[in-house]
Amino acid sequence: MKIYVNRAETELGAEATIADLVAGQQLPDRGIAIAVDNKVVPRAAWENTPLHEGANVTIIRAVCGG
Amino acid sequence: MDKLIIGGREFTSRLFVGTGKFSSNERMASAIEATGTEMVTVAMKRIDLENREDDMLRHIRRDNIQLLPNTSGVRNADEAVLAAQLAREAFGTNFIKLEIHPDPRYLLPDPAETLAATERLAKMGFVVLPYIQADPVLCKRLEDAGTAAVMPLGAPIGTNKGLLTRDFLRIIIEQSNVPVVVDAGIGAPSHAAEAMELGADAVLVNTAIAVAGDPVAMAGAFRKAVEAGREAYLAGLGAVSASAQAEASSPLTSFLD
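S.K.: Is there a simple way to think about the environment of T93(B) in this case?
M.R.: All names here are of chain B. By the element assignment, T93 lies in the loop between α3 (77–91) and β6 (95–98). With 16 C-beta atoms packed within 10 Å, T93 lands in the partly exposed category. Each C-alpha atom, one on T93 and one on N25, is 22 Å from the other, the two residues being 68 residues apart in sequence. Residues contacting T93, with those up to four places away along its chain left out, are L67 and R88.

S.K.: Help me understand the interface of chain B and chain A, please; the structure alone is not making it clear to me.
M.R.: Much of the literature gives interface size as the accessible area that the parts lose upon coming together. Contacts between the two partners involve 25 residues from chain B and, on the opposite side, 22 residues from chain A. Of all the secondary-structure elements, those providing two or more residues to the side of chain B that touches chain A are β4 (39–46) and α3 of chain B. Its residues assigned to classes, the side of chain B that touches chain A shows 13 nonpolar, 8 polar and 4 charged. Pairing of strand β5 (residues 56–63) of chain A with β4(B) involves 4 bridges; the strand directions are antiparallel.

S.K.: Teacher, can you tell me more about helix α1 (residues 25–35) of chain B here?
M.R.: Residues that lie three or four places apart on an α-helix share one face, since the helix turns once every 3.6 residues. Residues and elements named next belong to chain B. Buried within α1 are the following residues: M28, A31, I32 and T35. Looking straight down α1, one finds that the buried residues subtend no more than 100° of arc, so they occupy a single side. Close packing links the buried residues of α1 with β3 (15–17), β4, α2 (57–60), α8 (207–210) and α9 (215–235). Of the residues one or two after α1, G36 is the one with positive phi, at around 70°.

S.K.: In this structure, what is going on with the sheet that holds β6(B)? I would like to understand it.
M.R.: Paired through their backbone hydrogen bonds, the strands of a sheet run either parallel or antiparallel. Ordered in space as β6-β7-β8 (chain B), the 3 strands form an open sheet in which the pairing is parallel. In the strand order of this sheet, the two ends are held by β6 and β8 (151–152) of chain B, each with one partner.

S.K.: Even after reading the chapter, I still don't get the packing of α3(B) against helix α4 (residues 111–123) of chain B, so can you show me in this structure?
M.R.: When two helices pack together, you describe them by how their axes are tilted relative to each other and by the distance separating the axes. All names here are of chain B. Relative to each other, α3 and α4 sit at 40°, their axes nearing to 9 Å. One way to sum up the angle between α3 and α4 is to call them oblique. Judged by the sense of rotation from one axis to the other, the crossing of α3 with α4 is right-handed. The residues of α4 that touch α3, namely those facing A77, A80, V81 and A84, are E113, A116, A117, R120 and L121. The class makeup of the residues in the contact of α3 with α4 is 7 nonpolar, no polar and 2 charged.

Definitions and limits used
Residues numbered from 1 in each chain as written. Chains lettered and ligands numbered in written order. Predicted model: local features only at pLDDT ≥ 70, side-chain atom pairs only at ≥ 80, totals over all residues. Helix = DSSP H or I, 4+ residues; strand = E, 2+ residues; numbered from the N terminus. Buried ≥ 20, exposed ≤ 12 C-beta atoms within 10 Å, placed from the backbone. Contact = placed C-beta atoms within 7 Å. Nonpolar A, V, L, I, M, F, W, Y, C, P; charged D, E, K, R; others polar. Pairing = 2+ DSSP bridges. Arc of directions from axis to C-beta. Axes fitted to C-alpha atoms, helices over the stretch in contact; angles between N-to-C directions. Parallel < 35°, antiparallel > 145°, perpendicular 65-115°, else oblique. Left-handed = near helix turned anticlockwise from the far one by under 90°.

Honestly, it's all geometry; don't read function into it.
The following block contains the structure:
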């Protein structure tokens, strides 16, 4: 299926979960947060949250700022 | 120094520090250490999957440091609430520096959206520290909305102009029942000392340290200025005379007669 990760088009397997996306992109498991369609998904739920066609995934991390 | 309490956490240092504009993460870490701060801001950004960067958090995470994620980049209350929820999930803290400044030219905070977001975030259990114009009426409205502190600006962000809002900061400090943190515009240790002498509970400094010729030395200078300003406030400053005439501090008896 096709989803959008931080606005970039990304191809994923049909049954993929958030945990699959995190593992596939080799994202760190600390210091990031993920929202799907503007709803934050807690880390504990990544494993059991399937993504859907066209999902709008936001992944953030810390950067320097005042 | 006497302790400051925000969101149930005790702070010995009254100097909060931002992490923007340093020339390297290593320099930033050294400067932060030299400030003696216990509250450090971070911003958030969407991860660029094509271009992985160094994780700046490892340079600032310490047991005695409270992370203060900011919502910089949001344009309204809805986006601010989502940003705060992302920050809580990413950094494991319910502290949030609420900043909603949709206009990139002056970066002045939107009071209506800030008040609305504070109300919602406080109800959700966040410790909200909103960046605001030095508006005493807004400060009272934020208090009613459940804010943990107020962060009025001294001057626009990054300008180093000092306390242009001095007279309004005085009113805010006089009326506030929550800690007052002067944020933005503090460009020199003397500005920070002045804010503390006025009775501010803390100051937040970023640019003035980050862009100094020697950020670590400047960090130490700010640390001393904030301590001196607080001590002076607690000691009770003498009244400023309304008269142009001098008032002798030595006896005027003519001892040579």
